[in-house]
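Below, each chain spelled out in residue letters.
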Amino acid sequence: MIKISPSILSCDYGKMAEELTCMEHCGADYMHIDVMDGHFVPNITLGAPVIRCIKKYTDVPFDVHLMISEPLKYIDDFCDAGADIITVHTECDSPLGETVDKILARGVKASLTVKPATPVEEIFPYLDKLSMVLVMTVEPGFGGQSFMADMMGKVTALRQEIDRRGLDCDIEVDGGISEKTVAVAAKAGANVFVAGNAVFSSTDRAGTVRVLRELAEKNYLKSL
Ligand code: DX5
Ligand code: ZN
């Protein structure tokens, strides 16, 4: 139920293969891969060719977060490269329904996400098809930002809607997740936790993954 998804945005890109192996040994459930195009967000990271190359170094599923303007054009590329879950922003320029259907047609899990200023209700029409919804807890584009606790209302609303419909859909939070913030997100109903800076800057990465998981498990849906 609880999953920890370290974000390789904070890893040493010069030794990604080692970093992936390290995360696998640290107990990562997913590898969160941030794809940025310098247009949808003001930063550029990596694309499908890099994902294809690093896929062979780990069996940990790839949780691919597409911060790109036209994801529909590239869904086949990311599926071919080895994405296991693909998250697309509602604010992108591609038709959302078609994009989700394309991901599902490739046998890959589909997820949608909203930036902080976008209401989470925009995702509700697609919810029945999604394996996961990502609630951004920072403005997308950069690692190491501060967690936005005011996004927890979205997590709660989403959890209620998922439960009301009886769906099996994970809620992921991304941005500023650390030992200080993970409990708040778990209490609100998140169960997948992206952590970039907190894990990769830790002197005890395995310990940090373990503590994040323990805190999430202890606090999941526990009322405030
Ligand atoms: C931000 C990315 C995040 C980022 C999180 O645009 O989507 O996945 O890597 O990094 P931290 O955990 O350092 O906030
Ligand atoms: Zn991300």
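Peer 1: Is there a simple way to think about the site of ligand 1 in this case?
Peer 2: Around ligand 1 lies a shell of 20 residues, among which Asp-34, Gly-141, Asp-174, Gly-176 and Gly-196 are the nearest. At 3.3 Å, a side-chain N or O of His-32 approaches an oxygen atom of ligand 1. The separation between an oxygen atom of ligand 1 and a polar main-chain atom of Gly-196 is 2.8 Å. The protein chains hide 99% of the 380 Å² of surface that ligand 1 would expose on its own. Contributions of two or more residues to the shell around ligand 1 are made by strand E2 (31-36), strand E3 (62-67) and strand E8 (192-195). When residues of the shell around ligand 1 are assigned to their parent elements, the largest contribution, three residues, is made by E2. Considered class by class, the residues forming the shell around ligand 1 number eight nonpolar, 10 polar and two charged.

Peer 1: Is there a simple way to explain the coordination of the zinc ion (ligand 2) in this structure?
Peer 2: Around a metal, the perfect tetrahedron of four donors has angles of 109.5 degrees, and the perfect octahedron of six donors has angles of 90 or 180 degrees. The protein atoms that coordinate the zinc ion (ligand 2) are His-32 (NE2), Asp-34 (OD), His-65 (ND1) and Asp-174 (OD), at distances of 2.0 to 2.3 Å. Coordination at the zinc ion (ligand 2) is octahedral, judged from the six donor atoms that bind it and the angles of 71 to 171 degrees they form at the metal. Going along the chain, you hit the donors of the zinc ion (ligand 2) in the pattern H-x1-D-x30-H-x108-D. Of this pair, His-32 sits in strand E2 while His-65 sits in strand E3; the two residues are 33 residues apart in sequence, bridging distant segments of the chain.

Here is what the cut-offs are and how they apply
Residues numbered from 1 in each chain as written. Chains lettered and ligands numbered in written order. Predicted model: local features only at pLDDT ≥ 70, side-chain atom pairs only at ≥ 80, totals over all residues. Heavy atoms only, no water. Near = heavy atom within 4 Å. Polar contact = N/O pair within 3.5 Å; in protein donor to acceptor, adjacent residues only side chain to side chain. Areas by Shrake-Rupley, 256 points an atom, 1.4 Å probe, with all protein chains shown as cover. Helix = DSSP H or I, 4+ residues; strand = E, 2+ residues; numbered from the N terminus. Nonpolar A, V, L, I, M, F, W, Y, C, P; charged D, E, K, R; others polar. Donors = N, O, S within 2.8 Å, 3.2 Å for Na, K, Ca; no water. Tetrahedral: all angles 85-135°; square planar, octahedral: opposite > 155°, others 65-115°.

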